[in-house]
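Next come the chains, spelled out residue by residue.
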Amino acid sequence: GAPLGASACAAPESEYGHAFLTLSQAKPCMEALTGPAFAAKTTVHALARYFANFYAFARIAADPPAAKYTFGPEFASADLGVFGGDGGGAPAELSKVDLVNDLERLAEGIPMDNTSVPLATWVARVNGLFMTLRDAHVSWQNLPTQPAEVLSEMFKLALVSKDGEIVRLDVSAAPGDILLDGEGVPVVADGAGGVVQSIGGSAPFAWLQAAILESPAFPLPYKSVGARMNALVAKMHTGIMWGLGDLGALDSLEGGPIAVELKDASGSVSQTTWQWHILSSYKRAAPQCATFACAVDALEPSLRAPGEYAGQIKDALDILRADWQDVVPAPAEMAPARAKVAEEPPGEAGGPPAGSKAAKAMPAAPEPLSGDSVPKDVFAWLLEPTKSTDTYGFLAFRKGDDGVEYGVFKYTTFLLSAAYGVPAPAGYDLLTDSGSDVRTLDMMRAKWSAFAAEAQRRGVTRLIVDGVGNGGGLTSLAWQFVQFMLPDLPFVDTCGMVSRPIPKAYKLWEAVNLVPVYEFMTLEGLQQARFAQFGKDPAALQSVVSNTQALLGVAHSLNLLDKSEETGLIKQLEEAHEDAKSPDTAWTGFVKFFNALHGLGNTENPFSNPSTVMIEAYRHPSLEIRGGDNRSFTTKMMDCPAGSPGNLTNPFDDIVIVSDGLCGSSCYLATGTTWAVAKKFGKRKVRFATFGGVGGSIADAKKTLSATSFPGGNVMRNGAEAVVKPVLRGLLVQTLVANFIGSNATVHGLTAAFAEMVSLVPYYSNSLPGFTQSQVYQPSFGPHAPPAEYVFVPTDLYIPYWFKSVSGTSPREWDLSQLEMMYASAAQAFSK
């Protein structure tokens, strides 16, 4: 510890509160920050198994290869590509990752003991694998894990100027009119206003692309290089800097000074250098410490403890190990033939109607925004923004340079909720307000219908849809948008298709023989015999009570039951235990208790949602090749709007969707489906116009820039709450019933599935990783097309400009002059 305290790790801090270290100087400092090897190994191994079980694209690689797929003839001129192959929007050799096998290989190289391993080495390699997926839906950390959090508290990576300033860059286009499909010439300026002529001997954008966009070191989770550039442009003006815990391996970075040529306002050219530095901030990470070594020691205990959710799993398993008793079978228990179960060791979102009671109970409306902070001539707000709430966007009319009117539909997000930092008016918070989803859908439909009627009255047939920066949200809003755009198509033609991977734990559960459970539930004689046994056999009674208490302890530790359920069961158990002391009252108490157990849930598939369609889809698996391996998926299921479009109309027959390439998730579902279906059926002209990217010509843009990103399906932002907990709850309820009826075979099968599920929880999990569970297919692409996650859809039109401050859910964030310029540029498409 002492040598480090006197080393460059403790260099004098700058005005930023950090010590600036070169990459070589920082290496021993980063390696000094260690954690237990067993925790690293079990985390990486569990991540491999978790994503192998649940993530649809865990082995995206370049597989299936582009040559395997074909698209319908309607898309022959669209130049569709496949990510990881030719025409995929990024270099194929930099788009290949075998997530599961690469994680397993990494885990194999970490010892399973109490020795220490540097955090930066394994965290960086895991980050790099996930970054190569280029999927904004996927996060192995979700809530930051302790290792990554500690790394980011201690170290930052920054590009630093010769003067010791963190490099800040601002991008604009070369002066002149914006010509649609013209040449994009970026102008890069530094924080002092100098124009960057070259970096490392290359044009600025060429260097940024090679050094940052194509490197797995940086968190830019978008498949097309152009979309990554737009995300980077948005970040660079605040400084080129990231926390170390968010980064992959830094091997690809140039360690020494990087030559930079600048031109000032007078035209004078000067030479300078920039350099990658590690900013050591141990005093911020451990304010009580005067040395770097002290900070390392102070942080060590947090790296030995499991993450919050992993700790809950550990507590639950400890309860089971301590309190579980052998199940005493029911009298003359039958042992029907059952499938062999493998032995598995336990593992580590509108307001209420006017005049309604709800409306009267609502607080006074917040003060609306006004003046220069909002666009002029708005026809209708999609929830009017206020000083404290945001908006889904607006509908408006504008006039093109040719004097012809067009409509504007700005759609900022598909989800408003204060939980995501985008507050909605009272009654419209999609995560907390009851009925908010229906209320929001009704509000959107009413606003669109009024807008469409006004457009028809005016004779307006052109529409710009603004999806810039829309990261998605509620899928029902996305499907509603598809119906806004294409109301005259048959319902089935607007549907998509999805399928889910089938996890190993499902196969274990499927093999469990639940016949004894059904028999007990339907045969009164079996129930009478079991209840009588409790009154006569203290061992049978004690076994059921002890195991039920243990299982309820597990439920409490993992929050699998709500408070009323848990309290009710405990009360019923206590009463039944007391009643069982006499054969005369045993029947009454245990009938109540069994009914309480049965009321928690049925024996349907705990891996599925309650939909009978999905339950049946699990029963009909199909094998698909992913990463060279056969993978079991459910059969494909239709994914559709909630109902027919009804009396919706759309007077617009020429629709241009403007984007920065970051329109993703439900925004992809809305705009990507509209684009694909319109091209397939030819009812309307729908085109994407995307701006910025890496610059260059329209041909360059078609190779590197897509209007949409991370399509995905049913996103699980919190794997614990969305997937694992519901499965564990279902298994626990079934185990409670099997224990109660005394079926050892059923209990053993269910606990094997339970053990498989908990073994997927990484040691350092505060919350389980987020991921995309379903594959989404666009049927319009044809029967032999790949899932949408693989498909690169080049932009139809290119706007050679890098607009600033034109996205976000609050008009306070918008630059109105830039916004109107963007619409005017996109409107040029109507004459093409």
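Residues numbered from 1 in each chain as written. Predicted model: local features only at pLDDT ≥ 70, side-chain atom pairs only at ≥ 80, totals over all residues. Heavy atoms only, no water.

Engineer: Help me get a handle on the sheet that holds strand S13 (residues 393–399), residues and values and all.
Structural biologist: Neighbouring strands of a sheet are bound in pairs by backbone hydrogen bonds; such pairs are parallel or else antiparallel. Reading across from one edge, S12-S13-S14-S15-S20-S22-S28 is the order of the seven strands in this open sheet, with mixed pairing throughout. Here the strands that pair on one side only, and so sit at the sheet edges, are strand S12 (378–381) and strand S28 (797–799). Mean inter-strand twist for the sheet, computed between neighbouring axes without regard to direction, equals 20 degrees. Alignment of strand S20 (residues 654–659) against strand S22 (residues 685–691), held across six bridges, turns out to be parallel. Bridged to Ile655 within S22 is Val686. Against the sheet, helix H22 (residues 666–681) touches S20 and S22, its axis set at about 135 degrees to S22. (Pairing = 2+ DSSP bridges. Helix = DSSP H or I, 4+ residues; strand = E, 2+ residues; numbered from the N terminus. Axes fitted to C-alpha atoms, helices over the stretch in contact; angles between N-to-C directions. Contact = heavy atoms within 4.5 Å.)

Engineer: Any chance you could break down the environment of Arg168 for me, citing the residues and the numbers?
Structural biologist: Tracing the chain through its elements places Arg168 in the loop between strand S5 (155–161) and strand S6 (169–173). Separated by 69 residues in the primary sequence, Arg168 and His237 have C-alpha atoms spaced 5.0 Å apart.

Engineer: Tell me about a nonpolar patch on the surface, residues and numbers included.
Structural biologist: A cluster of nonpolar residues, Phe491, Val492 and Met638, forms a patch on the protein surface that exposes about 280 Å² of accessible area. Structurally, Met638 is set in strand S19 (residues 637–639). (Patch = residues over 30% accessible without salt bridge, like charges linked within 9 Å, V, L, I, M, F, W, Y side chains within 5 Å. Areas by Shrake-Rupley, 256 points an atom, 1.4 Å probe, with all protein chains shown as cover. Salt bridge = Lys/Arg side-chain N within 4 Å of Asp/Glu carboxyl O.)

Engineer: Any details on the state of the cysteines? Residues and values, ideally.
Structural biologist: Each disulfide consists of one covalent bond between the sulfur atoms belonging to two cysteines. By the definition in use, this model includes three disulfides. Disulfide pairing is shown between Cys289 and Cys294; the S-S distance is 2.1 Å. When the S-S torsion is -60 degrees, as for the bridge of Cys289 with Cys294, the disulfide is left-handed. Residue class for Cys289 comes out buried when judged on its relative accessible area of 4%. The disulfide bridge from Cys663 ends at Cys667, spanning 2.0 Å between sulfur atoms. The sign of the -100 degrees torsion about the S-S bond sets the Cys663-Cys667 disulfide as left-handed. One exposure class covers both Cys663 and Cys667, and it is buried. (Disulfide = S-S within 2.5 Å. Buried < 20%, exposed > 50% of the residue type's maximum accessible area, 1.4 Å probe, protein only.)

Engineer: Would you mind going over the nonpolar core in detail, with residue names and values included?
Structural biologist: Ranked by size, the top nonpolar core spans 201 residues in total, and within it Trp122, Met154, Ile212, Trp276 and Phe740 carry the most contacts. Counting residues per element, this core draws most heavily on helix H24 (residues 719–741), at 13 residues. If you look at the next biggest cluster of nonpolar residues, it comprises 55 residues, including Met444, Trp448, Trp479 and Ala785. (Core = buried A, V, L, I, M, F, W, Y, C linked by side-chain atoms within 4.5 Å.)

Engineer: Explain the sheet that holds S19 residue by residue, including any values.
Structural biologist: On the basis of which strands lie adjacent, the open sheet formed by three strands has the order S19-S16-S26 and antiparallel pairing. With one partner strand each, in any of the chains shown, S19 and strand S26 (775–777) form the two edges of the open sheet. The average undirected angle you get between the axes of adjacent strands in this sheet is 35 degrees. Bridge analysis of strand S16 (residues 496–499) against S26 gives three bridges, and the strand direction is antiparallel. Each bridged residue has a counterpart across the sheet, and for Ser499 the counterpart in S26 is Gln775.

Engineer: Help me get a handle on the packing of aromatic side chains, residues and values and all.
Structural biologist: Within a pair of aromatic rings, the relevant descriptors are the distance that separates the centres and the angle that separates the planes. This structure, assessed with the given rule, holds 44 aromatic pairs. Ring plane angle 35 degrees and centroid distance 5.7 Å describe the contact between Phe218 and Trp276, whose orientation is recorded as tilted. In this pair, Phe218 is assigned in the loop between helix H7 (204–213) and helix H8 (225–236) and Trp276 in strand S11 (residues 269–280), connecting sequence segments 58 residues apart. Exposure remark for Phe218: the relative accessible area of 0% places this residue in the buried category. Their ring planes at 45 degrees and their centres at 4.9 Å tell us that Tyr506 and Tyr618 sit as a pair that is tilted. Here Tyr618 lies in helix H21 (residues 612–618) and Tyr506 lies in helix H15 (residues 504–510), a separation of 112 residues in the sequence. (Phe/Tyr/Trp six-rings, centres within 6.5 Å; stacked < 30°, edge-to-face > 60°.)

Engineer: Pulling in residues and values, what's your account of the environment of Leu551?
Structural biologist: Topologically, Leu551 is positioned in helix H18 (residues 538–558). The sequence separation of Leu551 and Leu736 amounts to 185 residues, and the corresponding C-alpha distance is 7.1 Å. Once residues lying within four places of it in the same chain are set aside, the contact partners of Leu551 are Leu320, Trp324, Leu732, Thr735 and Leu736.

Engineer: Got a sec to walk through helix H6 (residues 146–154)? Specific residues and values, please.
Structural biologist: Across the nine residues that make up H6, a large majority, seven, are buried. Listed in full, the buried residues belonging to H6 are Gln146, Pro147, Ala148, Val150, Leu151, Ser152 and Met154. Where the residues of H6 are buried, they touch helix H5 (119–133), S5, strand S9 (241–243), S11, helix H9 (282–285) and helix H10 (292–304).

Engineer: Please set out unusual backbone geometry residue by residue, giving values where relevant.
Structural biologist: At Arg134, a position not held by glycine, the phi torsion is positive, near 55 degrees. Note that Arg134 resides in the loop between H5 and H6. Exposure remark for Arg134: the relative accessible area of 3% places this residue in the buried category. Although it is not a glycine, Ser665 adopts a positive phi angle of roughly 60 degrees. Locating Ser665 in the fold gives a position in the loop between strand S21 (663–664) and H22. You can call Ser665 buried: its relative accessible area is 9%.

Engineer: Please give an account of the side chain of Arg462 that cites residues and values.
Structural biologist: Mapped onto the secondary structure, Arg462 falls in strand S15 (residues 462–466). Polar side-chain contacts of Arg462 include one of 2.9 Å to the side chain of Asp402. Aside from chain neighbours lying at most four places away, what touches Arg462 is Asp402, Val404, Glu405, Tyr406, Gly407, Phe652, Asp654 and Phe830. (Polar contact = N/O pair within 3.5 Å; in protein donor to acceptor, adjacent residues only side chain to side chain.)

Engineer: Please set out the pairing of strand S14 (residues 405–411) residue by residue, giving values where relevant.
Structural biologist: With six of its seven residues buried, S14 lies for the most part within the structure. Two elements, S13 and S14, share seven bridges in a ladder whose sense is antiparallel. For Gly393, the partnering residue across the bridge sits in S14 and is Tyr411. Between the antiparallel neighbours S13 and S14 lie five residues, among them Gly403 with a positive phi of about 85 degrees. The pairing of S14 with S15 spans four bridges and is parallel.

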